[in-house]
Amino acid sequence: AQKITQTQPGMFVQEKEAVTLDCTYDTSDPSYGLFWYKQPSSGEMIFLIYQGSYDQQNATEGRYSLNFQKARKSANLVISASQLGDSAMYFCAMRERDGTSYGKLTFGQGTILTVHP
Amino acid sequence: GAGVSQSPSNKVTEKGKDVELRCDPISGHTALYWYRQSLGQGLEFLIYFQGNSAPDKSGLPSDRFSAERTGGSVSTLTIQRTQQEDSAVYLCASSFTSGPHQPQHFGDGTRLSIL
């Protein structure tokens, strides 16, 4: 089974509108972290926002917020007031216990977001 | 600079040659990770270091791949006898610790092309 599933290969949004990028995950570890990264066409991976499994409140970071629904195992990224510079690939990722340590991130396949003027 | 630094940014080599990719993590970060990103494959984990030890090498695709980290800082990923399927972008990341809450910060990657 996929650990991280991003079901939207591509999304389009009008400038200044809000957009939600979907992410569902699968883990049996009670302590895990969920992360969103942005990868523009230039290739760098930019960390956007983090949500811990025990966090009671949804994470927010500027125009980014995370709609965390633990029972549904979903961690959707909401971008408010979209800007042209938000056009990029967005990856959802999870960090869970692997043996005795937390190491790697497991990534979803990504969603390409295109912001139209 | 303050970020993760990778070199070279691009590498073109002939099939069968050995290549070395370098990663200089953020100062003070104890954990270092290598990933590979290729078209149609997404981001694959290769290996992770905590200090100079590698607790998880499970993602290395074959024994042609090896990595080391010295002085708890710089890491080198070596690919021997390169094959065309090794063509990809190799990304290095570091984090302050290896705990679940620590974001990993990525370098700009090395784009490797095998002719």
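Residues numbered from 1 in each chain as written. Chains lettered and ligands numbered in written order. Predicted model: local features only at pLDDT ≥ 70, side-chain atom pairs only at ≥ 80, totals over all residues. Heavy atoms only, no water.

### Here's the deal with the interface of chain A and chain B
This is how it is decided: By the convention used here, residues are in contact when the closest approach between their heavy atoms is within 4.5 Å. What counts as buried area is the accessible surface, traced by a 1.4 Å probe, that two parts surrender upon association, with contributions from both included. Salt bridge, as used here: a side-chain nitrogen of Lys or Arg that lies within 4 Å of a carboxyl oxygen of Asp or Glu. The term polar contact refers here to a pair of N or O atoms within 3.5 Å; inside protein, the definition further demands a hydrogen-donor-capable atom paired with an acceptor-capable atom, and it admits residues adjacent in sequence only when both atoms are side-chain atoms. Numbered from the N terminus, helices here are DSSP runs of H or I no shorter than four residues, and strands are runs of E no shorter than two. The nonpolar class holds Ala, Val, Leu, Ile, Met, Phe, Trp, Tyr, Cys and Pro. Asp, Glu, Lys and Arg form the charged class, and all remaining residues, Gly among them, are polar.
Across the contact, 20 residues belong to chain A and 23 residues belong to chain B. Among the residues of chain A in contact with chain B, M45(A), R95(A) and K104(A) are the three that bury the most area, contributing 28% of the side total. At the surface where chain A touches chain B, the tally comes to zero salt bridges. If you look at where chain A meets chain B, you find six residue pairs in polar contact (both at pLDDT 80 or more). At the level of elements, β5 (32-39), β6 (46-52), β10 (88-98) and β11 (101-102) of chain A are the ones that each hand at least two residues to the side of chain A that touches chain B. Broken down by element, the residue count for the side of chain A that touches chain B peaks at five residues, all from β5(A). Residue composition of the side of chain A that touches chain B, grouped by class: 10 nonpolar, six polar and four charged.

### Section: the pairing of strand β8 (residues 75-79) of chain B
Residue and element names in this part refer to chain B. Operational definition: To sort residues, take the accessible area from a 1.4 Å probe on protein chains only and compare it with the maximum for the residue type: under 20% means buried, over 50% means exposed, and anything in between is partly exposed. Strands pair, by our definition, only if DSSP identifies at least two bridges between them.
Counting buried residues in β8 gives five out of five residues, a clear majority hidden from the surface. Residue alternation in β8 divides its side chains into two sets, S75, L77 and I79 and T76 and T78, and both sets are buried. Two elements, strand β3 (residues 19-24) and β8, share five bridges in a ladder whose sense is antiparallel. Bridged to R22 within β8 is T76. The hairpin turn running from strand β7 (residues 65-69) into β8, its antiparallel successor, is five residues long, and G71 in that turn takes a positive phi close to 60 degrees.

### Let's talk about the sheet that holds β8(B)
Residues and elements named next belong to chain B. For the record, the criterion: Fitted lines through C-alpha atoms give the axes, limited to the stretch in contact for helices. The angle between two N-to-C directions lies from 0 to 180 degrees.
The strand order β1-β3-β8-β7 describes an open sheet built from four strands, whose pairing is antiparallel. This sheet does not close on itself; its edge strands, each paired only once, are β1 (5-7) and β7. Strand-to-strand twist of the sheet, defined as the mean angle between neighbouring strand axes without regard to direction, takes the value 15 degrees. One ladder, built from five bridges, connects β7 with β8; its direction is antiparallel. Bridge pairing in β8 links E68 to T76.

Keep in mind that these numbers describe shape and distance, not what the molecule does.
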